[in-house]
Amino acid sequence: MAATKHTLVALVENKPGVLNRMASLFRRRGFNIESIAVGHSEVPHLSRMTIVVDGSTAMVEQVRKQLDKVIDVVRVSDITGDDTVDRELALIKVKATSSTRNEIIEIVDIFRASIVDVASGSLTIEVTGDEDKINSLFNLLRSFGIKEIARTGRIAMTRGASGSLSVEESLSKARNKRQKTA
Amino acid sequence: MKMTGAQIICEGLVREGVEVIFGILGGAVLPLYDTLPQYPQLRHILTRHEQGAAHAAEGYARATGKVGVCMATSGPGATNLVTGIADAYLDSVPLVAITGQVARPFIGKDAFQEIDITGITLPITKHNYVALDVGSLARIVKEAFYLAGSGRPGPVLIDLPRDVQIDQVEFHYPSRVNLPGYKPPLQGHSVQIKKAAKLIDEAERPLIIAGRGVIVSGAYNELKQLAETAQIAVITTLLGISCFPESHILSFGMLGMHGMAYANMAVDAADVIIAIGMRFDDRATAKVSAFAPHARIIHIDIDPAEIGKNVRVDVPIVGDVKAVLSALNKQVISTEHIDWLHQLDDWRKEHPSTVIRGSEELLPQYVIRQIYESTRGQAIIVTGVGQNQMWAAQHYWYNKPNSLISSGGLGTMGFELPAAMGAKVGCPDEIVWCVAGDGGFQMTIQELATIVQEKVAVKIAIINNGYLGMVRQWQELFYGRRYVATPLSGPDFVKIAQAYGLPGLRVTRKEEVAPAIEEAMEYQGPFLIDFMVEPEENVYPMVLPGASLAEVLEEPKGEVAAWPRRSTP
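Residues numbered from 1 in each chain as written. Chains lettered and ligands numbered in written order. Predicted model: local features only at pLDDT ≥ 70, side-chain atom pairs only at ≥ 80, totals over all residues. Heavy atoms only, no water.

Asker: Can you help me understand the confidence of the model for chain B in this one?
Answerer: It should be kept in mind that the predicted coordinates are not to be read in detail where pLDDT is low. The predicted model of chain B averages 96 in pLDDT, with 98% of residues at 70 or higher. Taken as a whole, residues 559-569 of chain B scores under 50 in pLDDT and shows 32 contacts with residues more than four places along the chain or in a different chain. (pLDDT = per-residue confidence, 0-100. Contact = heavy atoms within 4.5 Å.)

Below, the structure written as structure tokens:
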């Protein structure tokens, strides 16, 4: 089975140790986390995580199920192949001299990125987009000399009115399930 | 009413129906232990090692189906529980472990006896907590018991800093839990159940493989109904033993590495397998790529992560075994599989697997068989791990529900004595036999002091062959009979027993076996028998590592005993 990149989106309770619990599962199953992004969700006590992993569909499905068993994980979905919006943010510090500065600014404009800091020998660029866009910008800037890069990792959301993993829907699903089985 | 953290814990335990706590105190749980006398309904049993406390709580839980409770202090107390917690995790045993922790201001300072026990037990608990605030304690206790006992059961640990035990708060015990991330599925999906029923109806060579899930959900009658309605042979996993009466005409023993040859052959030939509450452990499946090559598989389990984990499954049904089987039974059509059952019966005649060869030597199998005869199959058998475990699984016939208690997944030597103690405490009216090896017995031998102090009338049979027997068997078969580090010169177990204050007997000859067992049974308290068995006896049948279930190695042909194959009580 071919290993491909999978995007998992998880809704988790914002409790100490939850990241550790999830990371521990990936470690135990021998998975490498490509990126992981965590932030608050629309509900205060819940966080949303986007995890990108490499693996065959069957293996990722096994990990998804194991993650779902973690008590603090409300829900986790593999949204690979769904119609999604994927975004990543990167900060790139690039060497800039008086002779290269204009050229860099042109590239930044083309990518609809922005310059967030200017120093005598460098420019710091903020760029948002999918990974391909960030990689292309990175490749173009490489010839000027990259001093530092920081990337957030992917965050993702399914397109359309009903999110695949909105808090409201996930919670009501959990409630229904409990009622049905009570 | 205001209560201390320690009182809240005790109140919670009482409300959760806890009768007994196995544990050892220490500095970090002193406030909690100081509170225990206020709750006389909570019996505390002081074990001699925390591993014993964890296994005893497991034995109690496995025998009663209730949540077992163990307690230890911080640091080494907590780490000593780890083996027992892992054992409970792998065998889905409901357990709540409460550990003391250093006071909050000392956490993270590498204080005396401080250890990150929640970090350590993270991969071997269903969930764990550090109670950093006395206000959260009641909720934590409520959740811990709910999580441990519901869904697929498992161990839950509560780490309790010393100062939280002293802090006070108004006590409210929650009537229900609010865990949005925890939703054990109970009812199976109706479409899947319909598919399964259809597959069963179409089957020509159907076979049920039943595991511990049947026992956990108490689905004995449902399983029997399914088997009898559709005339399906039932084989079990090691931990599934006693979920279906072994004297039943449809019972065909245990599968796996040391399973009955005919059970393994049945798996190999079946065209539909109904796997119920089991997880396709590698000791059960043998070479997984060659497992049940002709079968379409229906897998019923409460844990969705078990579906498709090890073996491809055609019809998965996620839900509680009892609920799923009741629904399935409504749809399964009454039918017969006469040819197939005859075939299985022929295989059983040709490959009897549990016949004990005629010998004047004291064979370990004979000892087990005699325990069966003397107890009329009415005892709870608690085993160690290794050869003694396999002989106990093979040569005692389990007709009574939930009558075999054994460490399956983790395979923990030393489990037997404390677990037998816990089982006897939980079921004081039952006869409990601890079947031990001389190796494993010495790993938790100190619990003899506990059973004497607490007057726990466990009967102990040491299958003493002077070796770490199962490993020796592997060395004999695969390492040119080089017995590296397997010979044991044990102590005089009879003197050990006497020193601890219980009677002991040594048995060296066959004719002494039955009288010794009778004497042990007649004695009111705990009793130990040291059976000096044939040292190099091997466990057969055996599926060699890497082989498939079909390639089962049987006992080399010798004299066959005139012992009856099976006797029904």
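Moving on from the model shown.
Asker: I would appreciate a short explanation of the domain arrangement of chain B in the present structure.
Answerer: Where the parts come together, the accessible area they lose is often given as the size of the interface. Residue and element names in this part refer to chain B. In terms of domains, chain B is made up of domain 1 (2-170), domain 2 (190-350) and domain 3 (364-539). Domain 1 puts 24 residues into the contact, and the matching count from domain 3 is 27 residues. Between domain 1 and domain 3, roughly 1,900 Å² of surface is buried when both sides are summed, and carbon and sulfur atoms account for 61% of that area. The largest per-residue losses of area from domain 1 upon contact with domain 3 belong to R48, R62 and A63, which jointly make up 28% of the total buried on that side. Linking domain 1 with domain 3 are one salt bridge, by the criterion used here. With its nearest N and O atoms 3.1 Å apart, the salt bridge here joins E454 to R43. Taken together, the connections running from domain 1 to domain 3 amount to eleven residue pairs in polar contact (both at pLDDT 80 or more). Listed by contribution, the elements that provide at least two residues to the side of domain 1 that touches domain 3 are β2 (20-23), β3 (43-46), α3 (50-64) and α4 (76-90). Class assignment for the residues of the side of domain 1 that touches domain 3 results in nine nonpolar, nine polar and six charged. (Domains from an automatic or database assignment. Buried area = accessible area lost by both parts, 1.4 Å probe. Salt bridge = Lys/Arg side-chain N within 4 Å of Asp/Glu carboxyl O. Polar contact = N/O pair within 3.5 Å; in protein donor to acceptor, adjacent residues only side chain to side chain. Helix = DSSP H or I, 4+ residues; strand = E, 2+ residues; numbered from the N terminus. Nonpolar A, V, L, I, M, F, W, Y, C, P; charged D, E, K, R; others polar.)

Asker: Even after reading the chapter, I still don't get the pairing of strand β7 (residues 155-161) of chain B, so can you show me in this structure?
Answerer: For a regular strand, side chains alternate in direction, first toward one face of the sheet and then toward the other. Residues and elements named next belong to chain B. Of all seven residues in β7, seven are buried; the element is thus mostly enclosed. Residues of β7 alternate between two faces, with P155, L157, D159 and P161 on one and V156, I158 and L160 on the opposite face, all of them buried. The pairing of strand β5 (residues 95-101) with β7 spans seven bridges and is parallel. Across the sheet, the residue bridging to L95 is P155, located in β7. One ladder, built from four bridges, connects strand β6 (residues 127-130) with β7; its direction is parallel. Residue pairing for β7: Y129 is matched across the bridge by I158. (Buried < 20%, exposed > 50% of the residue type's maximum accessible area, 1.4 Å probe, protein only. Pairing = 2+ DSSP bridges.)

Asker: Is there a simple way to explain the pattern of salt bridges in this structure?
Answerer: Oppositely charged side chains can form a pair if their charged atoms are brought close together. Taken as a whole and judged by the stated rule, the model has 44 salt bridges over all chains. In this structure, R279(B) engages D281(B) in a salt bridge whose closest nitrogen and oxygen atoms are separated by 3.8 Å. Overall, the relative accessible area of 21% leaves R279(B) in the partly exposed class. The residue R357(B) makes a salt bridge to E537(B) at a minimum N-O spacing of 2.8 Å. One end of the pair, R357(B), is in the loop between α14 (338-350) and α15 (364-375); the other, E537(B), is in the loop between β20 (527-532) and β21 (542-543), and 180 residues separate them in sequence. A single salt-bridge network, built from bridges that share partners, covers K5(A), E34(A), D86(A), E131(A) and R154(A).

Asker: Would you explain the interface of chain A and chain B in this entry?
Answerer: Counting from both sides, the interface comprises 22 residues of chain A and, opposite them, 20 residues of chain B. Interface area for chain A against chain B, summed over the two sides, is near 2,000 Å², with a carbon-plus-sulfur share of 55%. Put simply, K69(A) and D303(B) hold a salt bridge, and the shortest N to O gap is 2.5 Å. Counting every contact that joins chain A to chain B gives six residue pairs in polar contact (both at pLDDT 80 or more). Of all elements in the fold, only α1 (18-28), α2 (57-69), β4 (73-78) and α5 (167-181) of chain A reach the threshold of two or more residues within the side of chain A that touches chain B. Its residues placed into classes, the side of chain A that touches chain B shows six nonpolar, five polar and eleven charged.

Asker: What should I look at first to understand the domain arrangement of chain A in this one?
Answerer: Residue and element names in this part refer to chain A. Taken domain by domain, chain A consists of domain 1 (4-82) and domain 2 (85-155). Placing a centre on the C-alpha atoms of domain 1 and another on those of domain 2 gives a separation of 29 Å. Of the residues lining the interface, seven residues belong to domain 1; the matching set on domain 2 comes to five residues. Taken over both partners, the interface formed by domain 1 and domain 2 buries close to 460 Å², and the fraction arising from carbon and sulfur atoms is 50%. Remark: the boundary between domain 1 and domain 2 carries one salt bridge. A salt bridge links K5 to E131; its shortest N-O distance comes to 4.0 Å. Where domain 1 packs against domain 2, one counts two residue pairs in polar contact (both at pLDDT 80 or more). Among the secondary structure elements, those contributing two or more residues to the side of domain 1 that touches domain 2 are β1 (4-13), β2 (33-40) and β3 (46-55). Class assignment for the residues of the side of domain 1 that touches domain 2 results in three nonpolar, three polar and one charged.

Asker: I'm lost on the confidence of the model for chain A in this one. Help?
Answerer: Residues and elements named next belong to chain A. Per-residue pLDDT for chain A has a mean of 88; in total, 88% of the residues score no lower than 70. Across chain A, the secondary-structure element scoring lowest on mean pLDDT is α5, at 56, and the one scoring highest is strand β7 (residues 122-129), at 97. Low pLDDT (under 50) marks residues 178-182, which in the prediction has five contacts with non-local residues, meaning those over four places away or in another chain.

Asker: What am I meant to see in the packing of α1(A) against α2(A) here?
Answerer: Any two packed helices are characterised by how steeply their axes cross, that is the angle between the axes, and by the distance between the axes. All names here are of chain A. Here α1 crosses α2 at 150 degrees, and the two axes come no closer than 10 Å. Judged by the inter-axis angle, α1 sits roughly antiparallel to α2. Note that α1 runs across α2; the crossing there is right-handed. Side by side, α1 and α2 meet where M22, L25 and F26 of the first sit next to V63, Q66 and L67 of the second. (Axes fitted to C-alpha atoms, helices over the stretch in contact; angles between N-to-C directions. Parallel < 35°, antiparallel > 145°, perpendicular 65-115°, else oblique. Left-handed = near helix turned anticlockwise from the far one by under 90°.)

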